[in-house]
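Understanding the architecture of this molecule
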Amino acid sequence: AERRIELSPIITGDSVYCQGDSILLDVGNFYASYNWSNGATGPTTYVNESDGAVSVQVTNLNGCIGASDTIYPEEKPYPLPVISGGLEYCENSSSFLTIGFYDQILWSNGSQAIGGHFSSVNNPIRVTVTNAFGCSATSDTVNLVQITKPEVEIIGTSIYCSGDSVQLSSDGSFRDYSWSNQSHDSTQYFTAADNPIWLAVEDDYGCTDTSSFFSLF
């Protein structure tokens, strides 16, 4: 009797794919006929999770039949990268932006770190990430805005009469005032005993400036 060779077809291809995609499975162009569980009749077929358990039965020219192992397609989600961090930063500073943890990260400036310092020269800023399943996505674009830092000058006379004091103020309106005598009022009374006098201010964006020293006589 003629001896028939047992067939052991092997399916190649990933079992995991990204949402909305599909997998290309290949059993090799070695056989006379193919009968996939999804109805395909060629050496390759595209499948997804809706196909359930996938296998193929093949027949060679001698009529020998063999069946593959079963593959279970799994659909995995794409990442949803969202850039975090302030989009406005003070002059001579920068903004620290982060993206979170992913298997692969590539910012538009070439950085592969989780986060980093950026300024408006890096605009437009985006980041492409890849998760553990090999699915990649790119964030929305962000553009940073540089805020001009405030400039403060102490206003008031530097000469006063013995026994009196001098009221000093700033030349602008700010969110916070920090005088050298620890006062946080917009105006403050001083004498020569307070020399040297200075004022640090902060605007609504958190940008700061410190005045030159002011002395009373």
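See above for the structure.
Here the residue index of a chain counts from 1 through its sequence in written order. The predicted nature of this model means local features are confined to residues of pLDDT at least 70 and side-chain atom pairs, given and counted, to a pLDDT of 80 or more, with totals for whole chains, interfaces and linings taken over all residues. Calculation of side-chain values draws on the structure's entire complement of heavy atoms; hydrogens and water are dropped beforehand.

What counts as a disulfide here is a pair of cysteine sulfur atoms lying within 2.5 Å. What the rule picks out here adds up to two disulfides. Paired through a disulfide, C18 and C135 show a sulfur-sulfur distance of 2.1 Å. As the torsion about the S-S bond is roughly -105°, the C18-C135 disulfide counts as left-handed. Taken together, the residues C18 in strand β1 (residues 16-18) and C135 in the loop between β12 (127-130) and β13 (136-138) connect sequence positions 117 residues apart. Accessibility assignment for this pair places C18 and C135 in one class, buried. A disulfide bridge connects C90 with C207, and the sulfur atoms are separated by 2.1 Å. Helix and strand assignments follow DSSP, with helices taken as H or I runs no shorter than four residues and strands as E runs no shorter than two, numbered in order from the N terminus. For the exposure calls, accessible area comes from a 1.4 Å probe over protein chains only, and a residue counts as buried if that area is under 20% of its type's maximum, exposed if over 50%, partly exposed in between.

A few words on the sheet that holds strand β5 (residues 56-59). DSSP calls a pair of strands paired once it identifies at least 2 bridges connecting them. Spatially, β3-β5-β6 is the arrangement adopted by the three strands of the open sheet, whose pairing is antiparallel. Of all strands in the sheet, those bounded by a partner on one side alone are β3 (33-36) and β6 (65-67). Strand-to-strand twist across the sheet, computed as the mean angle between neighbouring axes with direction ignored, equals 15°. Relative to β6, β5 runs antiparallel, the two being bridged by three bridges. Note that in β6 the partner of V58 across the bridge is G66. Every angle, taken between N-to-C directions, lies between 0 and 180 degrees, and every axis is a line fitted to C-alpha atoms, over only the stretch in contact when it is a helix.

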